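Results of the structural survey
Residue-level listing of the chains:
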Amino acid sequence: MSVWNPENVTDVAESIGIASLNRDVVEHLARDVEYRMSQVLNEALKFMRHGKRTTLTTQDVSQALRLLDVEPLYGYESTRPLRFGEASIGPGQPLFYVEDEEVDFEKLINAPLPKVPREMSYTAHWLAVEGVQPSIPQNPLTDPRSAELAAKGSSANSTLAAVSGNDNIAVKPLVKHILSKELQLYFERICGAILDESNEEYRSAAFASLRTDTGLHQLIPYFIQFVADKVTHNLKNIFVLTQTMQLLAALLDNQSLFLAPYVPGNVPSILTCLIGKHLGNPALDGATTHFALRDYSASLLSKTACQYGPSSSTLKPRIARSCLKHFLDSHKPFGTHYGAVLGLAMIAGAQGVRTLILPNLKAYDLHLQEGMKDDGGKREQAEYVKQAILRALQTLQEDAVMEMSSNGHPAGEALRERLGAVGEVVGARVFESGREGLIGAVLERDPVV
Amino acid sequence: MAVQPPPPLRTESVGPASAGGMGTPTAGTPVGQAPGAGSNQNLNQIVLEYLSKKGYSRTEAMLRRESGNIAFDATGQPVTFDDKFKGRRWHEAYSVVKTWIDSILDIYKPELSRILWPLFVHCFIETIADCFPGEGRFFFTECRKPFDDEHSDDLRALSNVQEPEHVQQNDIAQLYRTNKYRLTLSKMGFATLIEFLKTKEGEGGKSINFLINNHLDIRTVDRAAIGGVRGLQKLMEEKQGDEQAPAEDEGIPGHHPGSANLSPDATGALHRLQLAPMPMEIDLMDDVKAELNHEDSSNPPRPGRSTLVEQFEQRIKVEPSDDTAPSRDSIPFPPSTARDVAMEVQKVKEDRDRFRIEGKTGGVGPGVSVTMITFHNTFDTVNCVEFSDDNTLAAVGTAESYIRVWSLDNRALASPQDPPGFQPSSSRRLVGHSGPVYALSFSPSAAVPAPPTNGHTDHQSSPDSHPRYMLSCSADTTIRLWSLDTWTNLVVYRSHNSPVWDVRFCPHGHYFVSSSADRTARLWSTPQIAPLRIFAGHDSDVETVAWHPNGAYVFTGAGVGDKTVRMWSIAQGTQARIFTGHTGNVNAIACAPNGHVVASADDKGVIILWDLRTGRLVKRMRGHGPGGIWSLGWSVESSVLVSGGADCSVRVWDVQPSKETQAKVNGENGAVAKVDGPAINGGAVASKVGKVKGREQSTADMISDFKTKKSPVYTARFTNMNLVVAGGAYLP
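Everything numeric here is computed off the predicted structure, so don't read it as measured data.

**With respect to the overall build of chain B**
Broken down by element type, chain B carries 19 helices and 33 strands. Intrachain contacts of chain B at a sequence separation of at least 6 include 61% that bridge at least 24 residues. Split by element, the accessible area of chain B, about 30700 Å² in all, is 53% carbon and sulfur.

**Observations concerning the overall build of chain A**
Across its full length, chain A carries 20 helices and three strands. For chain A, with 449 residues in total, the buried portion stands at 38%. With the model as given, the accessible surface of chain A reaches about 25700 Å², and the carbon-plus-sulfur share is 56%.

**Some remarks on the confidence of the model for chain A**
Per-residue pLDDT for chain A has a mean of 77; in total, 79% of the residues score no lower than 70. Across residues 144-175 of chain A the pLDDT falls below 50, and counting only partners more than four positions away or on other chains, this stretch makes 29 contacts in the model.

**A look at the environment of Arg-328 of chain B**
All names here are of chain B. By the secondary structure assignment, Arg-328 is in the loop between helix H16 (308-317) and helix H17 (338-353). A residue is classified by how much of its surface remains accessible, and Arg-328, at 27% relative accessible area, is partly exposed. Taking C-alpha positions, Arg-328 is 8.1 Å from Glu-281, a pair spaced 47 residues apart along the chain.

**Structural notes on the side chain of Glu-350 of chain B**
Residues and elements named next belong to chain B. As for its placement among the helices and strands, Glu-350 is situated in helix H17. No salt bridge forms around the buried Glu-350; measuring N to O, its nearest opposite-charge neighbour Arg-354 is 4.9 Å away. Apart from residues lying up to four places away in sequence, Glu-350 is in contact with Ala-447, Asn-720 and Met-721.

**As for the interface of chain B and chain A**
Taken together, the 77 residues of chain B in the interface contact 63 residues of chain A. Summed over both sides, the interface of chain B with chain A buries roughly 6200 Å², with 52% coming from carbon and sulfur. Across the chain B-chain A interface, the total number found is six salt bridges. Glu-543 of chain B is the partner of Arg-49 of chain A in a salt bridge, and the nearest nitrogen-oxygen pair spans 2.6 Å. On inspection of chain B and its partner chain A, the count reaches 26 residue pairs in polar contact (both at pLDDT 80 or more).

**A short note on the pattern of salt bridges**
Enumeration according to the criterion identifies 40 salt bridges over all chains in this entry. Several salt bridges converge on common partners, so that one network encompasses Asp-647, Arg-651, Asp-705 and Lys-707 of chain B.

**Focus on the sheet that holds strand S5 (residues 370-376) of chain B**
What links the strands of a sheet is backbone hydrogen bonding, and the strands pair in either a parallel or an antiparallel sense. The four strands lie next to each other as S3(A)-S5(B)-S33(B)-S32(B), forming an open sheet whose pairing is mixed. Only two strands of the sheet have a single neighbouring strand rather than two, namely strand S3 (121-128) of chain A together with strand S32 (713-718) of chain B. Strand-to-strand twist of the sheet, defined as the mean angle between neighbouring strand axes without regard to direction, takes the value 20°. In terms of strand pairing, S5 of chain B meets strand S33 (residues 724-729) of chain B through six bridges, oriented parallel. Bridge assignment links Phe-375 of chain B to a residue of S33 of chain B, and that residue is Ala-729 of chain B.

**Side note on a nonpolar patch on the surface**
Residues Ile-16, Ile-18, Leu-21, Val-25 and Leu-29 of chain A make up a contiguous nonpolar surface patch of about 390 Å² in total accessible area. With respect to the helices and strands, the residue Val-25 of chain A is situated in helix H2 (residues 23-50).

**Quick notes on the UniProt feature "repeat: WD" (unreviewed entry) in chain B**
Mapped onto this numbering, the UniProt entry gives "repeat: WD" (unreviewed entry) at residues 375-416, 493-525, 535-578, 579-620 and 629-663 of chain B. Strand forms 61% of residues 493-525 of chain B and helix 0%; the C-alpha atoms that close the span are 10 Å apart.

**Some thoughts on the sheet that holds strand S9 (residues 427-431) of chain B**
Residue and element names in this part refer to chain B. The antiparallel open sheet is built from four strands, whose spatial order is S6-S7-S8-S9. Looking along the sheet, the strands with just one partner apiece sit at the ends: strand S6 (382-387) and S9. Neighbour-to-neighbour, the strand axes of the sheet open up by a mean angle of 20°, direction not taken into account. Pairing geometry for strand S8 (residues 402-407) and S9, over five bridges, is antiparallel. Counted as the bridge partner of Ile-403 is Leu-430 from S9.

**A look at the packing of aromatic side chains**
All names here are of chain B. Within this structure, the stated rule accounts for 33 aromatic pairs over all chains. Pairing Trp-90 with Phe-210 gives two aromatic rings, centres 6.4 Å apart and planes at 40°, and the pair type is tilted. Separated by 120 residues along the polypeptide, Trp-90 in helix H4 (residues 89-102) and Phe-210 in helix H12 (residues 205-215) bring together distant segments of the chain. The burial state of Trp-90 is the same as that of Phe-210; both residues are buried. Here the aromatic residues Tyr-94, Trp-117, Phe-120, Phe-124, Phe-139, Phe-140, Phe-147, Tyr-176 and Tyr-181 are joined through ring pairs into a cluster of three or more. The residue whose ring lies beneath Arg-429 is Tyr-402, and the NZ or CZ to ring-centre distance is 4.9 Å.

**Observations regarding unusual backbone geometry**
Residue and element names in this part refer to chain B. The backbone of Cys-131 shows a phi angle near 65°, a positive value even though the residue is not glycine. By the element assignment, Cys-131 lies in the loop between helix H6 (116-129) and helix H7 (133-143). Phi at Asn-377 takes a positive value of approximately 55°, unusual for a residue other than glycine. Structurally, Asn-377 can be placed in the loop between S5 and S6.

**Quick notes on the nonpolar core**
Membership of the largest hydrophobic core comes to 82 residues, with the highest contact counts inside it found for Leu-210, Phe-223 and Leu-393 of chain A. At eleven residues, helix H15 (residues 334-357) of chain A tops the list of elements feeding residues into this core. Dropping the residues within four chain positions of it, Leu-210 of chain A is found in contact with Tyr-186, Ile-190, Leu-216, Phe-223, Leu-247, Ala-250, Leu-251 and Asn-254 of chain A. Residues Leu-183, Phe-196, Phe-210 and Leu-211 of chain B belong to the second largest nonpolar core, which totals 46 residues.

**Observations regarding the confidence of the model for chain B**
Residue and element names in this part refer to chain B. Per-residue confidence for chain B gives a mean pLDDT of 78, with 77% of residues at or over 70. Of the regions scoring below 50 in pLDDT, residues 1-37 engages in 50 contacts with residues more than four places distant in sequence or in other chains. Note that residues 239-243 has pLDDT below 50 and, in this model, eight contacts with residues that lie over four places away or in other chains. The ipTM, which scores confidence in the relative placement of chains, is 0.80 for this predicted complex, and the corresponding pTM is 0.67.

**What to know about a negative patch on the surface**
Together, Asp-283, Asp-286, Asp-287 and Glu-291 of chain B make up a negatively charged patch on the protein surface. One can find Asp-283 of chain B in helix H15 (residues 282-298).

**A word on the packing of H15 of chain B against H17 of chain B**
All names here are of chain B. Relative orientation of the contacting elements H15 and H17 amounts to 55°, with a least axis distance of 9 Å. Relative to H17, H15 is oriented oblique. Relative to H17, the crossing made by H15 is right-handed. Counting all contacts with H15, which are made through Leu-284, Asp-287, Val-288, Glu-291, Leu-292 and Glu-295, the residues of H17 involved are Asp-340, Val-341, Glu-344, Val-345, Val-348 and Lys-349. Grouping the constituent residues of the contact of H15 with H17 by class yields six nonpolar, no polar and six charged.

**Section: H15 of chain B**
Residues and elements named next belong to chain B. Between its first and last C-alpha atoms H15 spans 25 Å; for 17 residues at 1.5 Å apiece the expected length is 24 Å, and the two agree. Every buried residue belonging to H15 is among Leu-284, Met-285, Val-288, Leu-292, Glu-295 and Asp-296, and all of these are buried. Down the axis of H15, the smallest arc covering the buried residues is 105°, so these residues share one side. Away from the buried face of H15 by more than 90 degrees, exposed residues Ile-282, Asp-283 and Ser-297 are located.

**Some details on the side chain of Ser-483 of chain B**
All names here are of chain B. With respect to the element layout, Ser-483 can be found in strand S12 (residues 478-483). The class of Ser-483 is buried, set by a relative accessible area of 6%. At 3.2 Å, the side chain of Ser-483 and the backbone nitrogen of Thr-486 are in polar contact. If we skip the residues at most four places from it in the chain, Ser-483 touches Arg-468, Tyr-469, Thr-488 and Leu-490.

**Observations regarding the environment of Pro-146 of chain B**
Residue and element names in this part refer to chain B. Following the sequence through the fold, Pro-146 ends up in the loop between H7 and helix H8 (152-158). For Pro-146, a relative accessible area of 37% gives the class partly exposed. Once the C-alpha coordinates of Pro-146 and Leu-116 are considered, the two residues, 30 residues apart in sequence, prove to be 9.4 Å apart.

Analysis parameters
- Residues numbered from 1 in each chain as written.
- Chains lettered and ligands numbered in written order.
- Predicted model: local features only at pLDDT ≥ 70, side-chain atom pairs only at ≥ 80, totals over all residues.
- Heavy atoms only, no water.
- Helix = DSSP H or I, 4+ residues; strand = E, 2+ residues; numbered from the N terminus.
- Contact = heavy atoms within 4.5 Å.
- Areas by Shrake-Rupley, 256 points an atom, 1.4 Å probe, with all protein chains shown as cover.
- Buried < 20%, exposed > 50% of the residue type's maximum accessible area, 1.4 Å probe, protein only.
- pLDDT = per-residue confidence, 0-100.
- Lys, Arg positive; Asp, Glu negative; His and termini not counted.
- Salt bridge = Lys/Arg side-chain N within 4 Å of Asp/Glu carboxyl O.
- Buried area = accessible area lost by both parts, 1.4 Å probe.
- Polar contact = N/O pair within 3.5 Å; in protein donor to acceptor, adjacent residues only side chain to side chain.
- Pairing = 2+ DSSP bridges.
- Axes fitted to C-alpha atoms, helices over the stretch in contact; angles between N-to-C directions.
- Patch = residues over 30% accessible without salt bridge, like charges linked within 9 Å, V, L, I, M, F, W, Y side chains within 5 Å.
- UniProt positions renumbered as here; feature names shortened; annotations may be inferred.
- Phe/Tyr/Trp six-rings, centres within 6.5 Å; stacked < 30°, edge-to-face > 60°.
- Lys NZ or Arg CZ within 6 Å of the ring centre and 35° of its normal.
- Core = buried A, V, L, I, M, F, W, Y, C linked by side-chain atoms within 4.5 Å.
- Charge placed at Lys NZ, Arg CZ, Asp CG, Glu CD.
- Parallel < 35°, antiparallel > 145°, perpendicular 65-115°, else oblique.
- Left-handed = near helix turned anticlockwise from the far one by under 90°.
- Nonpolar A, V, L, I, M, F, W, Y, C, P; charged D, E, K, R; others polar.
- Expected span 1.5 Å × (residues − 1).
- Arc of directions from axis to C-beta.

Here it is as structure tokens:
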């Protein structure tokens, strides 16, 4: 009659020494047990609901028991769902039990500690920008079926549906929002102007306009796209790369534009110009022109990071990570290393130099020496990198606490040897510079983190 | 005595109220259960003789009449309806009514079908109380189908009631037994019902009549005359839309729609509410004005913009004549400080500078931007997510009893109590509770940025505007106040005797309100460890609380069994409004910043808007999947509502009353609505909402629906600058 088997009640009664129970009593008890269990479950569901979960846990049940003034069951606390084993004690009579693994004590003690679970953390992204969901990895792919349904549901809202691309595919316009003729014309003119090698005046007028005009917001995505396109297709052309970087700088300068949502689209282009493998055509522009471009990109990057770092907590770490990766990769040319060192120094500051560059200098020294020995163009390039590293180290000096612990460093050869910790080439230069502060900062082997 | 048809003797339309004690079979057990077959007649004779001899003439007459009513079976035993079906008599009685209502004229059907639920509950309870567990269970499984949608929670709570003592102990059963379920029927409908029950008196009509008299409170209205939302036309429409929702005055509380007056002869007149914003302190106002003047002179507004002082004056001036403001005397606050001045100044600035969200204009909803903050590696232990008003702090309460706070701008969270040399990180753990933490609330704060430079954000808030306190509540029945300067626990508030589900700071700080599984909500002030007010009245757990923006009222929402939203006055400590209409647990409530509308959401995925002044339902909005809407938020202009919930979506809603409702209101004001065919059909064309092929479809007032990637949305709200901030946990 009841779901709870009355046999169970008889069994329990027998186990505590009550041999014969009246059939009515047994059934009554079985029904009561069933009701009590459902009562506990109902309470437990409340705790599940308030825990904003969809699975009931043993903790919920313990909480429910506590609420009903019953002593909770101990020994079932578990963060993962319990596994039930099934044993058959007769035809159609399965018996379920909690599987208890047998654990070898010796083994358990000697086993390596399990991995620490990963730390809870948060990320932020745009779920929607002005009513439209951007298609970034953090957002789910739009399921055409659900889009269809949603569009039907908000039938009065067809314009918005069209904007978000949920409209009928056949009439989906290529341009999702309408640009005025004037803006289109402006865009074409600007793009033409800044790539015009012959007319300096024309170019500067275009940049000036970008820096000051107030109504350009609608064009930002197009400019970003333009830059990305040009950068990917013109890696050999220093002029185009420089111009596109200047275009970005001009946009960044414009006080009336809000670039925060577009920064993630911006950064790859700048990074390419900073740490790209081969920028420009050495035969045409000379072997070292690309360093100027890298310098410029580095400053642009640091400006971006300063302005938008606070609104996107992962921006700086991401940039620093990719810079460091390229710095540590000795197969990359010196140009890339140069850019990476610049980027690290600008993004992460003295702290970053201390923790990210300084410990790696020793390893890098080998590579640098190789470069210095080479008689070809490599020597010149390596020289640039050396300068960049020294510049980075100088930031350390500025940052260091000026207490001048002059009890400190041995003189002469001993000092030179200790400076070897940052690599021979760089160490020698530091030594030669003879500047107390710089030496002190470099030797301060105590990263304050 | 021969078998004879029972003459219709009863003249009154109601059954006996005397029958039906606990556990005893109700209504008219035959006089004697004689052992022998033939002896029954003799026995009656003997008793009759005895009575006439003693001169008990009236008792004799009664006995004669009653024995005349009794039919006898083949063996001469008296057979009544009750005896014939024994445990199945309530089932039979219910079935009779159900079949009748199913086949009745369409005009009565919508309203009469509402009576089935309370009858179902009572028939079930009576069967169980009569000690027929098997029959009770059979009846329950057989007849529960139509109520699965609307009353699933109640059904679950009742499903395992099997013994009379369970009836005594089950909350829902007791609720229905000790209260009268109020229902509004039209006069004609009710009369037809009574007439039908009379003709079926022998087949269960009497039992049903007994239930209606004892456990139901039926109000009759002339629907044709009143028209409007309670009119027949509306009822027909709802039926067309297949929308099963209780009327606003239906249910256990038994009150006029919106009114909190529970006495049976209440007139339905509503209390006047004080909905206007709380007036500012005079000193504070002067200080703010001086500060704004200073600001204006040092930072003159761009041409075309109003000065801050003008903005401020305008802000104060907006005082609709039909709203009174609560007086500062009735709700005392500590004197204002420099911090309050800074916050007020910032509010005025935000008022001027924010991106305005207008309502749905020209059929296109406003484009809303949403920032989603997703928590990773939570292993589903996060119970709640909360952001501070100035958006610099995020806090989560976990099932593991601790609270974790992050700084959203990567600022180190330092404390003066840190040991020297300690490197504070941008996250802190607050340990103190001994049970899962269910809600958090930051004290009010405002983001006071450095002089704004055209959207280029650099949020260097001046330190004194940061939130200084946070409240948390937990299953360990305590509420704790944490200092956000030292990151330590300051006060433990003990008074609730069940898990505390929700806690909210007053919009002006100082006070807070908490709600608990002990069916009360309590008002506290931070310096006192005992509650100032206990709001008792809900019939089940108070799941959620919310404040009215002027701080003079709080709203509470209850779960299974009750499902009402109630509004309480802080000053009086009494209920000011009761709103019924939800069919699931009320999970979230939010009052519009203009103070006139409150939105509540339940775990069936329905959001209801209520008008506070009239106490009436404005509209029902659906679209969320089941599983609960956990958070609601209003735009600053009260023009748009945002919601987030278990179905991993953030949705934006238009709150303007839908056209049909407006038309209806006009109709109500104008001529009496006609109740004839064409009119009904005309009205029925309107909203056709409901389930389409099992999938929930959204109502037309949903502006947008942003899905997240496997991240249930725990909180979604507008910032003071009208950007939506949503928080959720990624659960792969």
